[in-house]
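Overview (structure and organization)
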Amino acid sequence: MRIAEISSPGATHRDSSPHQLLLSQIESSIKQLEHLSPAASQDDRSPSLHTLSSDLRRSFAQLTHLAPFNNDLKLHLWKLSFRLWNACVDLSNAASFRSSPCAEHHAELRHVASDILALAGDVPGVPSPALKSAAFYHKTGLLWHDLRRLDLASACFVRATDLVSELDHRAVSGAGERKLLLDLNLARSRTAWEASDRNLSLALLNRSKSLLFGSAEHYWALANQYLAFGKGLLSKDDQTSNSEALKLMNESLDLCEKGLGSRSSAVDLRELRAKTLRFISAVHLQKGEYESVIKCVRVLRDQSGDHSHPSLPVLAVKAWLGLGRYGEAEKELRGMAVNKGVPQDVWVSAVEAYFQAVGTAGSETAKDVFLGLLGRCHINAGAAVRLAHRVVGEGGSDSKVRAKVAAELVSDERVVALFSREAAAKERMSMHAVLWNCAAEFFRSKDYGTSAEMFEKSMLYIPYDIESKILRAKGFRVLCLCHLGLSQLDRAQEYINEAEKLEPNIACAFLKFKIYLQKNDHQGAITQIHAMTTCLDFSTDFLSLSAHEAVACHALPVAVAALSNMLNFYVPGKSMPTTEIVVLRTLVTILSQEPGNELEALKFIKRAHNRASELGPDLFFGKEEVGRRERNWFAVTSWNFGTKTGKENNYELCAEFLRLSSEFYCIPVDGQVEENNVMVCKSLILTVSAMIASENQRKAALSDTEVKQAIELLDRAGKILKSISTGTRLHDDQITTLEPDLFFIYTFSAYDMQGRLNDSASQQLLVKSFASSKACNPKHLLQIGLSAYQGPQSNHEVATFALNECLSAFLSSPSPDYQNVALVVRKLIAVASIHKGDTDDDAVYGMYKQAYQIMVGLKEGEYPTEEGKWLAMTAWNRAALPVRMGQIEMAGKWMNVGLELAKRIPGMETYRACMQDFVDGFKKKFHVQNDSESRPQLI
């Protein structure tokens, strides 16, 4: 509407009035807005829109205090309001105000225009000014609503409603005015709904029912709003919200029915009614009310005839499935396959639901449906990918059935042909990814059969070109893994050979190693270990992994080979995933699990000792407690191997292990040597003992070097023994741990070694020192004495001393062992006879007298009879030579000893009588005839 300029004679007078001053300011701001370019209005760095809206709001606020206005001012305000509104419209048409703060400034300018128009009020000559003002507020409120400024939007809608409510019925008799009333109510309702004031929102919708005025358009608007609110609640997917959504949708459906009753030609209402029924069906489906879903579908089909909505078959399929009527669901599904109006996503959803409900029983039907869909003109590679993805699904109890159907579908020639074109390269890779991921899931769940099938199908979607050979090699490798899991070793080997042709790398070499392992071909596995080390991408992690695999397969020689190869890569400065000490410890542990590996274990224990010497204990074993544990582990293991081989009479290895044990115990950790004297001493002494035992076993004398080494070891042991026995702090555990036999073994071994050096004096001193120690016992002395008497390094002084000390110890016992006493007496007589008999017969005679004194007072048979007879007979026989030589006194002495001994021995009565007769005759003859012609006969 165009309004002419009004000028009056008093215009000059009014120019200076407050009203005109404020109006001039408003008009100046509007002119600036009218000349503002769209680019400048959208520049966030430009304060133009913000400044103009602030100036206009401030001028308007001052102007409101000057109301009421005369008609001229009202008309002027009317013109200014429309100019401001039109300027905003021009800017909005020229540019899009969608980002804050430009959009908010634009809405604020429109709000000011609405306020100015409302302030102008009734203007003579302008029809329904309140409706126009309400229309301004309605449109401004919509802008604020879009900007999520719900408070300002609500204020605009309320202001517009107040303006309209002041009018009488005649002022709103037009269709436009009636539509404005309804739009205001609906707008207020939407704002209240989004502000979470649901009660007000629904109240406004109910109030809007009185504003329909029989218009189909109005019915549609109100019904659509009910449906929109219902859809919003439906998205929350909970029982309460679904029930409320159903109520709102029923309201929408009722309004559609009423609107169609008044204007049956309203096409929009029929479409809205069908849409509402579909959503009502969806709500019933969510609530499990399947009969209601079927009813809604039937109503929709009856009304739409042949033009059914694509969602109806899906709703029908899911409802029939919910009712357990799978035959009806199958009919719907097959009908979808020939209905070209059903979008791909819709029928894929229906088939997925059919899968979930029917499972294995529906696999054939599903496959037929899928293959039937291939004949549809809009099927392309992308659709096939989406279809395969939906069929494969996200796992579940029926995932295996779904995978089987998917495998049959993707391997169909018609499906594969969809991806043959170069333009389908992206879709081909997507299909490969879908099948690969599905196969990987089955692999993780150890369903290797299904996994292998899916991996094979994924290979159909890898092109045969140079760029894809790495991907094909990867596929062959995973197929090898699947058949390994199925123990189909020949097929696994075929696949890995193919992979190696395409991409020879460490992964292929390792998988071949696994195949050899599972075939129990240990030599082949060991050969493959060497092959792995030649691969360009080799890393020592694979050797460690190979060892683990070999141990799991109980292929210990293979594990040893893997770890032995790993030791070749330890060089100073090179970073390794596992420390060298751990590898060596693992090797020794593996070798200890089976007998016969002692020599191999010795090799690695020696390597550990040598590496500790080369690198330093702290660097090799580690520091602090870790280093001590590692060092002690090797020391104890060497000791255990030594004792084991010793029990098995493998004395040569025993000596090696025990020597290493002593050396490990002496290695310092953190610069300190722990108190392991007892174990070191035991290891040193038993090492020499094992060397001597090995010499006897081999029947080959120790070399001079070995003798020298043994003496050095014994010297070290002797110093430790001395420190233990004379130390100021003697620990109880040392006393109990260091067995008494150890002193004897040390003494015996040292005696043997000193005898090889012809050091008789040291031998005597050593034995005397042992005899005076608390660890000495008569059995030990007996053994030393026997060795000194009849061993290769005999020493009669040592033998005499040891046997005499032994005899004294036996006799001082509360219950003497007379068997051993008799043995010692016999040996002492033998020693004395050999070394002193010719020059000192009294020494031998003294031993016989001592034996006689021992027998005196014993019970019959307490002294060994055979030994007693031997004493009596040998003593009697010693008289033979003196008799022949005419040494009457000496002969009588020995005959008396023999006779007296025979009297103490049971069973010698006959001998004793003969002896007595001979003695009597000898005495008689001695007194009658000194030179007897008949000499006594030896008995």
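Residues numbered from 1 in each chain as written. Predicted model: local features only at pLDDT ≥ 70, side-chain atom pairs only at ≥ 80, totals over all residues. Heavy atoms only, no water.

**Structural notes on the overall build of the chain**
Going by this rule: Segments assigned H or I by DSSP are reported as helices when at least four residues long, segments assigned E as strands when at least two residues long, and all are numbered from the N terminus. With a 1.4 Å probe rolled over the protein chains alone, any residue whose accessible area is under 20% of its type maximum counts as buried; one over 50% counts as exposed, and the rest are partly exposed. All accessible areas in this document rest on Shrake-Rupley with a 1.4 Å probe, and a residue is counted as covered only by the protein chains that are shown.
Within the chain, the regular secondary structure consists of 47 helices and zero strands. The buried share of the chain, reckoned over its 939 residues, is 47%. When the accessible surface of the chain is totalled, it reaches about 46,600 Å², and 51% of it is carbon and sulfur.

**With respect to the confidence of the model for the chain**
Detailed reading of the predicted coordinates is not advisable wherever pLDDT is low. Counted only if it meets this: Per-residue confidence from the predictor is reported as pLDDT, which spans 0 to 100. Contact criterion: two residues are considered in contact whenever any of their non-hydrogen atoms come within 4.5 Å of each other.
Residues at a pLDDT of 70 or more form 87% of the chain, whose mean pLDDT is 83. A low-confidence stretch, residues 728–737 (pLDDT under 50), is modelled with six contacts involving residues beyond four sequence positions or located in other chains. Scored below 50 in pLDDT, residues 928–939 makes 17 contacts in the model with residues more than four places away or belonging to other chains.

**Brief notes about unusual backbone geometry**
The residue His554 is not glycine, and still its phi comes out positive at about 60°. Tracing the backbone through its elements, the reader meets His554 in the loop between helix 28 (541–552) and helix 29 (556–567).

**Section: the side chain of Thr645**
Looking at the element boundaries, Thr645 is found in helix 33 (residues 624–647). Classification of Thr645 by relative accessible area gives buried; the value is 0%. Non-local contacts of Thr645, meaning those with residues more than four positions away in its chain, are made with Glu598, Asn650, Leu653, Cys654 and Phe657.

**What about the packing of aromatic side chains?**
Our working definition: Aromatic rings from Phe, Tyr and Trp, taking only the six-membered ring of Trp, are treated as a pair when their centres fall within 6.5 Å; an angle between ring planes under 30 degrees marks them as stacked, one over 60 as edge-to-face, and anything in between as tilted. Criterion for a charge above a ring: Arg CZ or Lys NZ at most 6 Å from the ring centre, at most 35 degrees from the ring normal.
Inspection of the entire model under this criterion finds 21 aromatic pairs. Judged by centre distance (5.2 Å) and plane angle (70°), the ring pair of Phe620 and Phe621 falls under edge-to-face. No difference in accessibility class separates Phe620 from Phe621, as the two residues are buried. Note that Lys893 overlies the ring of Tyr845, its terminal NZ or CZ placed 4.6 Å from the centroid.

**Topic: the pattern of salt bridges**
Charged atoms that come close allow side chains of opposite charge to pair. We count it as follows: Salt bridges are identified by distance alone: a Lys or Arg side-chain nitrogen within 4 Å of an Asp or Glu carboxyl oxygen.
Enumeration according to the criterion identifies 40 salt bridges in this entry. A salt bridge links Lys606 to Glu656; the shortest N-O distance between them is 3.5 Å. Placement of Lys606 in helix 31 (residues 598–615) and of Glu656 in helix 34 (residues 651–665) is noted, with a sequence separation of 50 residues between them. Taking relative accessible area as the criterion, Glu656 reaches 26% and is therefore assigned partly exposed. In the salt-bridge network here, residues are joined through shared partners; they are Glu580, Arg607, Arg611 and Glu614.

**What about the packing of helix 27 (residues 522–532) against helix 29?**
The condition that has to hold: Axes here refer to lines fitted to C-alpha atoms; in helices the fit is confined to the stretch in contact. Angles between the N-to-C directions go from 0 to 180 degrees. For classification, angles of less than 35 degrees are called roughly parallel, those exceeding 145 degrees roughly antiparallel, those between 65 and 115 degrees roughly perpendicular, and all remaining angles oblique. Two helices cross in a left-handed way if the nearer one is turned anticlockwise from the farther one by less than a right angle. They cross in a right-handed way if the turn is clockwise. When residue character is reported, Ala, Val, Leu, Ile, Met, Phe, Trp, Tyr, Cys and Pro are called nonpolar, Asp, Glu, Lys and Arg charged, and the others, Gly included, polar.
Packing of helix 27 against helix 29 leaves a shortest axis separation of 9 Å and a crossing angle of 15°. Of the possible angle classes, the one that applies to helix 27 and helix 29 is roughly parallel. Crossing of helix 27 over helix 29 shows right-handed handedness. Mapping the contact onto sequence places His522, Ala525, Ile526, Ile529 and His530 in helix 27 and Pro557, Val558, Ala561, Ala562 and Asn565 in helix 29. When its residues are assigned to classes, the contact of helix 27 with helix 29 shows seven nonpolar, three polar and no charged.

**Digging into the side chain of His218**
Considering the arrangement of structural elements, one finds His218 in helix 11 (residues 216–234). Here His218 is in contact with Arg178, Lys179, Leu182, Leu211, Leu212 and Phe213, once residues within four sequence places are set aside.

**Re helix 5 (residues 71–94)**
To be explicit about the condition: Multiplying one less than the number of residues by 1.5 Å gives the expected span of a helix. Pairing of N or O atoms within 3.5 Å defines a polar contact, subject to two protein rules: one partner must be a possible hydrogen donor and the other a possible acceptor, and residues neighboring in sequence count only if both atoms are side-chain atoms.
Helix length check: helix 5 (24 residues) gives 35 Å between terminal C-alpha atoms against 34 Å at 1.5 Å per residue, within 8%. If you check the start of helix 5, you find a side-chain oxygen 3.2 Å away from the backbone N of Asp72, and it comes from Asn70.

**Some words on the environment of Arg278**
As for its placement among the helices and strands, Arg278 is situated in helix 13 (residues 267–286). Between the C-alpha atom of Arg278 and that of Leu300, which follows or precedes it by 22 residues, the distance is 8.0 Å. With sequence-adjacent residues up to four places away left out, Arg278 is seen in contact with Leu300, His309, Ser311, Leu312 and Leu315.

**Quick look at helix 39 (residues 760–771)**
Quick note on the threshold: It is the directions from the helix axis to the C-beta atoms that the arc portrays.
End to end, helix 39 covers 17 Å across 12 residues, agreeing with the expected 16 Å (1.5 Å per residue, within 8%). Of all the residues in helix 39, the buried ones are Gln763, Leu766, Val767, Phe770 and Ala771. Seen from one end, helix 39 has its buried residues packed into an arc of 135°, which puts them on one side. Turned more than 90 degrees from where helix 39 packs its buried face, Ala761 and Leu765 sit exposed.

**Regarding the environment of Glu624**
Along the chain, Glu624 falls in helix 33. The exposure class assigned to Glu624 is exposed, which follows from its relative accessible area of 54%. Once the C-alpha coordinates of Glu624 and Asp670 are considered, the two residues, 46 residues apart in sequence, prove to be 6.3 Å apart. Leave out the neighbours within four places in its chain, and Glu624 touches Val669 and Asp670.

**Observations regarding the packing of helix 42 (residues 818–835) against helix 43 (residues 841–855)**
In contact at an axis separation of 9 Å, helix 42 and helix 43 are set at 165° when each is read in the N-to-C sense. As summarised for this structure, helix 42 and helix 43 are arranged roughly antiparallel, according to the angle between their axes. Seen from above, helix 42 lies across helix 43 with left-handed handedness. Of helix 43, the residues touching helix 42 (which contributes Tyr818, Val821, Val825, Leu828, Ile829, Ala832 and Ser833) are Val844, Met847, Tyr848, Ala851 and Ile854. Split into classes, the residues belonging to the contact of helix 42 with helix 43 amount to 11 nonpolar, one polar and no charged.

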